[in-house]
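# A closer look at the structure
Listed below are the residues making up each chain.
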Amino acid sequence: NAGVTQTPKFQVLKTGQSMTLQCAQDMNHEYMSWYRQDPGMGLRLIHYSVGAGITDQGEVPNGYNVSRSTTEDFPLRLLSAAPSQTSVYFCASSSFSGGGYNEQFFGPGTRLTVL
Amino acid sequence: AQTVTQSQPEMSVQEAETVTLSCTYDTSESDYYLFWYKQPPSRQMILVIRQEAYKQQNATENRFSVNFQKAAKSFSLKISDSQLGDAAMYFCALNAGNNRKLIWGLGTSLAVNP
């Protein structure tokens, strides 16, 4: 199993450009999510999905779109990049058992710089 | 509201010594999970240990163990025989009830001195 994969690992954008961060998992997990990590602010949830066709907003969704057309893939789209979106982005997935969601498995992260 | 608090932004320990990282949380749910994650300089987030609230026994994984005090809503991580490879950022996280989100602490940066 590859686990959770993310591409690209590094990206530099100019203000106003758009791009898509790719995330895929091969563990058949129902739950997938996107976080951003900034110094001193921990992990902040951007968007999440509990299954194909179902997405919802996290705590910092503005400027980002997601879709979940398959169980495996959960891309994150930056519509018009801004310097405030400079961050490290993580994709994570987990399965659900009777008592709740299990531990999240993380991708290696994408370091995004917006100039 | 559910919260997770890590009150120690930075800690250090001598190699081979023991260190305890603190985490307190708040939830009104009776059924929940608690996690400790490690993030080394490579940036990869790695699960260290997991505790189910209904289990009274403290979870242990090799040199890592927790002190789970449910009444006090405390979930500390003890690292025994610290190694240089333990140097990392450590995050405490909570998943409560049917909440579809993990609630994260801000992390504790652990340095291991040779």
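Here the structure is a predicted model, which means the values were calculated and not measured. Once a new chain begins, its residue numbering starts again from 1 and follows that chain's sequence as written. Naming scheme: in the order in which they are written, chains are lettered from A and ligands are numbered from 1. With pLDDT at 70 or above as the cut-off, local features in this predicted model cover only qualifying residues; side-chain atom pairs require 80 or more to be listed or tallied, and sums for whole chains, interfaces and linings still use all residues. Side-chain calculation: all heavy atoms of the structure are included, whereas hydrogens and water are not.

Taken together, the contact between chain A and chain B spans 28 residues of the former and 19 residues of the latter. The junction of chain A with chain B conceals about 2,000 Å² of combined surface from both sides, 51% of it contributed by carbon and sulfur atoms. Salt bridge, as used here: a side-chain nitrogen of Lys or Arg that lies within 4 Å of a carboxyl oxygen of Asp or Glu. Linking chain A with chain B are one salt bridge. Between Arg-50 of chain B and Glu-103 of chain A there is a salt bridge, and its shortest N-O distance comes to 2.9 Å. In protein, a polar contact requires one atom able to donate a hydrogen and another able to accept it; more generally it is a pair of N or O atoms within 3.5 Å, and residues adjacent in sequence count only if both atoms are side-chain atoms. Seen at the junction of chain A and chain B, the total is six residue pairs in polar contact (both at pLDDT 80 or more). Secondary-structure elements contributing two or more residues to the side of chain A that touches chain B are strand S4 (31–37), strand S5 (43–51), strand S9 (87–94), strand S11 (100–101) and strand S13 (110–114) of chain A. Classification convention: Asp, Glu, Lys, Arg as charged; Ala, Val, Leu, Ile, Met, Phe, Trp, Tyr, Cys, Pro as nonpolar; all other residues, Gly among them, as polar. Here the side of chain A that touches chain B is composed, by residue class, of 13 nonpolar, twelve polar and three charged. A contact between two residues is defined here by any heavy atoms of the two lying within 4.5 Å. Simply put, the buried area is the total loss of 1.4 Å probe accessible area from both parts when two parts are fitted together. The numbering of helices and of strands both runs from the N terminus, where a helix is a DSSP run of H or I of at least 4 residues and a strand a run of E of at least 2.

Looking now at the nonpolar core. Residue types Ala, Val, Leu, Ile, Met, Phe, Trp, Tyr and Cys, when buried and joined through side-chain atoms within 4.5 Å, form a set referred to as a nonpolar core. Only protein chains enter the accessibility calculation, which uses a 1.4 Å probe; a residue is then buried when its area is under 20% of its type maximum, exposed when over 50%, and partly exposed in between. In terms of nonpolar packing, the biggest core is built from 27 residues, with Trp-36, Leu-77 and Tyr-90 of chain B touching the most fellow members. Elements with a minimum of two residues in this core: strand S3 (19–21), strand S5 (32–39), strand S6 (46–52), strand S8 (64–69), strand S9 (74–79), strand S10 (88–96) and strand S12 (108–113) of chain B. In this structure, Val-4, Val-60, Cys-91 and Leu-112 of chain A belong to the second largest nonpolar core, which totals 19 residues.

Let's shift gears to the pairing of strand S1 (residues 4–7) of chain A. Residue and element names in this part refer to chain A. The side-chain alternation of S1 yields one buried face, formed by Val-4 and Gln-6, and one unburied face, formed by Thr-5 and Thr-7. In short, DSSP must find at least two bridges between two strands for them to pair. Two elements, S1 and strand S3 (residues 19–25), share four bridges in a ladder whose sense is antiparallel. By the bridge assignment, Val-4 is partnered in S3 with Gln-25.

None of this, on its own, says anything about what the molecule does.
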